[in-house]
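Working through the structure, step by step
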Amino acid sequence: MMDIPNLFGSMVFNDKVMRERLPKDVYKALKRTIAEQKHLNLDVANVVASAMKEWAIEKGATHFTHWFQPMTGVTAEKHDSFISPTGDDHIIMEFSGKELVKGEPDASSFPSGGIRSTFEARGYTAWDPTSYAFVKDNTLYIPTAFCSYSGEALDKKTPLLRSMEVINREAKRILKLFGNDNVKRVMATVGPEQEYFLIDKELYEKRPDLIYCSRTLFGARPPKGQELEDHYFASIKPRVSAFMKELDEELWKLGVLAKTKHNEVAPAQHEIAPIFSTVNIAADHNQLVMELMKKIANKHNLVCLLHEKPFAGVNGSGKHNNWSISTDTGINLLEPGETPYENAQFLLFLAAVIKAVDEYQDLLRISVASAGNDHRLGANEAPPAIISIFLGEELTEILESIENDTCYNQKEKCQMEIGATVLPHFPKDTTDRNRTSPFAFTGNKFEFRMLGSSSSISDPNVILNTIVAESLSQFADRLEAASDFKSELTAIIKETIKEHKRIIFNGNNYSEEWVKESEKRGLLNLKSTVEAIPYLIAEKNIKLFTKHNIFSEAEIFARYHIMLEEYIKVLNIEALTLLDMTKRGIIPSVISYLKDLTEVVVNKKSISKDLNCKLEEALIESISDSTACLYKNIEKLDNAILEAKNQNNLLDTAKYYREVVYIAMQELRSVIDNLEIKVGKKYWAYPTYGELLYSV
Ligand code: ADP
Ligand code: MG
């Protein structure tokens, strides 16, 4: 039997290891640094580095790396060995405090959105001591933030850490007003549920679209998709189970609280969920989860697909971001609580979320926008692109009675006195909860369901932390200035409900009626990434980010550029891949099938003119019609790509890719899918959907 408690965190330089291995005063100094998010002085850093190195070497490490999260959305690392020459042909293993706290990787080949000019290629990485170092593949990994030399964020971690500070500050102001002076820190907590596909590696290698684009660009529907609903929660096949077991063990070693695993809706689709943690740890861990899934799949001759929509016609993959805020004293601030006093505080935090989500729908939408996720949102398998909040009927009714001064559950007039009346218990509805909502209250947390499976969870959480902090900051301003706390509190909650109730929707988010209804309510419906991105630089959003020092104006514009550029590049790669596969794979398949068919006809006719060739002739005719379409659509896509260079600016180019190139790809795809079902199996150049989806 494996000793899991001892295995867990065994490769992590965690609190227990620090306590054991650091001198008491150094340990205390480090803990203070972590708690107060201050810089570490170099003497302390030297001692920590030395202890870390000794520990890492015992775990087999020969190298160390600063581990960071550039704007590519994946992690980056550059390994340096510990060796240092002593001058007598010998070496010793060395690691200094300076090497621990700061690195200077060449930043010139990471996306910077114009922040970093090429003559100033240096960037630097700075240790994030709030996320533990760990050993993986004989290397000591040090989680770091990544900035330009002049201090601008070039990564996904820096703004996340900044946003954590902001929500900490603003939530503490509110708690203080409620008399909770003992809270030292408020943290956002997140548990991300991660979906993915597993397919056979040999088949994967025969699909250049999967290799270059992580998704299939064509493929006819197989006779069986997900309609029987027989994969969801089904028993796990041995090969998948072996993969999941190894994944769990490797994650546990790294201190990742891997908890739940199961089959998902689509064939070949699965999910893994950890137990929640502080958001920056959750973000780091989710990166490790994604990386290890790919690596371990490979060992099992499988490939793990993290793309949001690897296959048309069956569900794509997302990530559910369960988010809440908690105190260092262990109180979940989105827990309604038992007493009137707890209820009042809860209602204020709830109001803050409602106001934030309504006022910054655009930012939440942008935070999950990507070319890949465009295939999911609004496609009746994932939430629509319209942001709304599900509260459940009970909580909604409570808010309505507060707004209208009626008693809860009774229509007559009476006062629901906030801070005096006990709220009824609302069930933590886990069974019949609304699965179509993009942002659902699930008893003591919100579940943001729009995230794509492949992206970092940083962006959405930066936005959540910041916008809720902004609401809290406005509330705190008012409450601090108020002469009567209780009446101001009531006024704030009432006003918020009145002004922002349009964002609450408990019905079916997939329905056509909701699209119309949401439009009437004035909610945004930003259907694609290209439609959403321009809102990033709206004045109100720049004001929000700069007010809280999340992004400077330069950093916002940099991110705006990076998002547009990435979108354009992804679509361009997809278009080129589709053309390449069509010209060098599909066309030869079709031609050789046609060649055989026509030869059969000629041969049959040479035996006897009276032999019936109806089938062959009909096929030849039908396929020839399709090849004419194929020719036309290839030409159209070829021209569309050429024309893309003539657009005026990045935004126009991105729009052009969405409106012209993407459409041309769809049209070409439908001709190919139509040919696939006509051409003989042995002639077809690529594995089919049926083969890919049922390959494991
Ligand atoms: P589902 O039914 O959607 O699978 P679960 O109840 O299994 O949801 O929980 C999903 C995730 O929510 C888990 O990762 C869990 O740890 C996380 N979670 C639970 N409580 C909190 C919280 N207070 N803050 C953040 N995440 C939480
Ligand atoms: Mg969920």
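Note that the structure is predicted; figures quoted are calculated from it, not measured. (Residues numbered from 1 in each chain as written. Chains lettered and ligands numbered in written order. Predicted model: local features only at pLDDT ≥ 70, side-chain atom pairs only at ≥ 80, totals over all residues. Heavy atoms only, no water.)

1. Some remarks on the overall build of the chain
A count of helices and strands for the chain gives 22 helices and 17 strands. In summary, the chain has a C-alpha radius of gyration of 28 Å against a globular reference of 26 Å for 696 residues, a match within 12%. With the C-alpha coordinates aligned to their principal axes, the bounding extent of the chain is approximately 105 × 90 × 60 Å. Counting the 696 residues in the chain, one finds 56% classified as buried. For the chain, long-range pairs separated by at least 24 residues make up 74% of all intrachain contacts whose partners lie at least 6 apart in sequence. Of the roughly 30,400 Å² of accessible surface on the chain, 53% is carried by carbon and sulfur atoms. Across the chain, 83 positive and 98 negative side-chain charges occur, with their mean positions spaced 1 Å apart. (Helix = DSSP H or I, 4+ residues; strand = E, 2+ residues; numbered from the N terminus. Rg over C-alpha atoms; globule rule 2.2 N^0.38 Å. Buried < 20%, exposed > 50% of the residue type's maximum accessible area, 1.4 Å probe, protein only. Contact = heavy atoms within 4.5 Å. Areas by Shrake-Rupley, 256 points an atom, 1.4 Å probe, with all protein chains shown as cover. Lys, Arg positive; Asp, Glu negative; His and termini not counted. Charge placed at Lys NZ, Arg CZ, Asp CG, Glu CD.)

2. Some words on the pattern of salt bridges
Throughout the structure, instances matching the rule amount to 46 salt bridges. The shortest N-O distance in the salt bridge between Lys 157 and Asp 128 comes to 2.5 Å. Taken together, the residues Lys 157 in helix H6 (residues 157-177) and Asp 128 in the loop between strand S6 (123-127) and strand S7 (134-136) connect sequence positions 29 residues apart. Considered together, Lys 157 and Asp 128 belong to a single accessibility category, that of buried residues. Its salt-bridge partner being Lys 540, residue Asp 362 comes within 2.8 Å of it at the nearest N-O pair. Separated by 178 residues along the polypeptide, Asp 362 in helix H12 (residues 361-367) and Lys 540 in helix H18 (residues 539-547) bring together distant segments of the chain. Sharing partners across several salt bridges, the network here consists of Arg 169, Glu 170, Arg 173, Asp 477 and Glu 480. (Salt bridge = Lys/Arg side-chain N within 4 Å of Asp/Glu carboxyl O.)

3. A closer look at the domain arrangement of the chain
By domain assignment, the chain separates into domain 1 (4-155), domain 2 (163-551) and domain 3 (566-693). A C-alpha centroid distance of 31 Å is found between domain 1 and domain 2. Facing the 22 residues of domain 1 at the interface are 19 residues of domain 2. Between domain 1 and domain 2 the total buried area reaches about 1,700 Å² when both faces are included, carbon and sulfur atoms providing 57% of it. For domain 1, the biggest contributors to the area lost against domain 2 are Leu 7, Phe 8 and Lys 136; these three give 29% of the whole. In this structure, the connection of domain 1 to domain 2 is made through two salt bridges. Among the ionic pairs, Glu 291 bridges to Lys 136, the shortest N-O distance being 2.5 Å. Where domain 1 touches domain 2, the interface holds 10 residue pairs in polar contact (both at pLDDT 80 or more). With three residues, S7 is the single largest residue contributor to the side of domain 1 that touches domain 2. Residue composition of the side of domain 1 that touches domain 2, by class: 11 nonpolar, eight polar and three charged. (Domains from an automatic or database assignment. Buried area = accessible area lost by both parts, 1.4 Å probe. Polar contact = N/O pair within 3.5 Å; in protein donor to acceptor, adjacent residues only side chain to side chain. Nonpolar A, V, L, I, M, F, W, Y, C, P; charged D, E, K, R; others polar.)

4. Comments concerning the nonpolar core
Among the nonpolar cores identified, the biggest contains 129 residues, and Trp 323, Leu 391 and Leu 637 are the most heavily contacted of them. Looking at which element gives the most residues to this core, the answer is helix H19 (residues 553-607), with 16 residues. Of the residues that make up this core, three or more belong to each of domain 2 (163-551) and domain 3 (566-693). If we skip the residues at most four places from it in the chain, Leu 637 touches Ala 575, Leu 578, Leu 579, Val 661, Ala 664, Met 665 and Leu 668. Among the nonpolar cores identified, the runner-up in size contains 55 residues, and Val 240, Leu 247, Met 293 and Ala 297 belong to it. (Core = buried A, V, L, I, M, F, W, Y, C linked by side-chain atoms within 4.5 Å.)

5. Side note on the coordination of the magnesium ion (ligand 2)
Coordination of the magnesium ion (ligand 2) by the protein comes from Glu 193 (OE), Glu 193 (OE), His 320 (ND1) and Glu 447 (OE), over a distance range of 2.0 to 2.6 Å. One chain supplies every donor to the magnesium ion (ligand 2), and in sequence these donors are spaced E-x126-H-x126-E. Remark: His 320 occurs in strand S14 (residues 318-327) and Glu 193 occurs in strand S9 (residues 186-200); sequence separation between them is 127 residues. For the pair Glu 193 and His 320, one class covers both residues: buried. (Donors = N, O, S within 2.8 Å, 3.2 Å for Na, K, Ca; no water.)

6. Structural notes on the packing of H18 against H19
Two elements in contact, H18 and H19, have axes separated by 9 Å at closest approach and are oriented at 125°. Put simply, H18 runs oblique to H19. H18 and H19 meet at a crossing whose hand is right-handed. Contact with H18, carried on its side by Ile 542, Phe 545 and Thr 546, involves Glu 553, Ile 556 and Phe 557 of H19 and no other residues of that element. (Axes fitted to C-alpha atoms, helices over the stretch in contact; angles between N-to-C directions. Parallel < 35°, antiparallel > 145°, perpendicular 65-115°, else oblique. Left-handed = near helix turned anticlockwise from the far one by under 90°.)

7. Observations concerning the side chain of Asp 209
Tracing the backbone through its elements, the reader meets Asp 209 in helix H8 (residues 208-213). Residue Asp 209 is classed as buried on the basis of its relative accessible area, which comes to 0%. Among the polar contacts listed, one links the side chain of Asp 209 to the side chain of Arg 207, at a separation of 2.7 Å. Residues in contact with Asp 209, not counting those within four places in the same chain, are Ser 214, Arg 215, Thr 216, Leu 217, Phe 218, Thr 577 and Met 581.

8. Re the site of ligand 1
Around ligand 1 sit 14 residues in total, of which Thr 189, Glu 193, Pro 274, Phe 276 and Asn 322 are the nearest. Contacts to ligand 1 include Phe 276, whose backbone N or O atom sits 2.9 Å from an oxygen atom. For ligand 1, an oxygen atom lies 3.4 Å from a polar atom in the side chain of Glu 447. When ligand 1 is considered free in solution it has 570 Å² of accessible area, and contact with the protein chains removes 75% of it. Going through the elements one at a time, S9 and S14 are the ones with two or more residues in the shell around ligand 1. The biggest single contributor to the shell around ligand 1 is S9, with four residues. Split by residue class, the shell around ligand 1 holds four nonpolar, five polar and five charged. (Near = heavy atom within 4 Å.)

9. Here we look at unusual backbone geometry
In this structure, Asn 301 is a non-glycine residue whose phi angle is positive, near 60°. Along the polypeptide, Asn 301 turns up in the loop between helix H10 (279-299) and strand S13 (302-305). Of note, the phi angle at Asn 549 is positive, near 55°, even though the residue is not glycine. Along the chain, Asn 549 falls in the loop between H18 and H19.

10. Comments concerning helix H9 (residues 238-253)
The periodicity of an α-helix, 3.6 residues per turn, causes residues three or four places apart in sequence to face the same way. The end-to-end C-alpha separation of H9 is 23 Å, in line with the 22 Å expected for 16 residues at 1.5 Å each. Those residues of H9 lying buried are Val 240, Phe 243, Met 244, Glu 246, Leu 247, Asp 248, Glu 249, Leu 251 and Trp 252. The elements touched by buried residues of H9 are helix H1 (4-7), S9, strand S10 (258-263), strand S11 (269-274), H10 and S13. Looking at the residues trailing H9, positive phi occurs at Gly 255, about 80°. (Expected span 1.5 Å × (residues − 1).)

11. Side note on the packing of helix H20 (residues 614-644) against helix H21 (residues 650-676)
Look at H20 against H21: their axes get within 9 Å of each other, and the N-to-C directions meet at 165°. In terms of orientation, H20 lies roughly antiparallel with respect to H21. With respect to the hand of their crossing, H20 and H21 are arranged in left-handed fashion. Across the contact of H20 with H21, the residue classes tally to 17 nonpolar, five polar and three charged.

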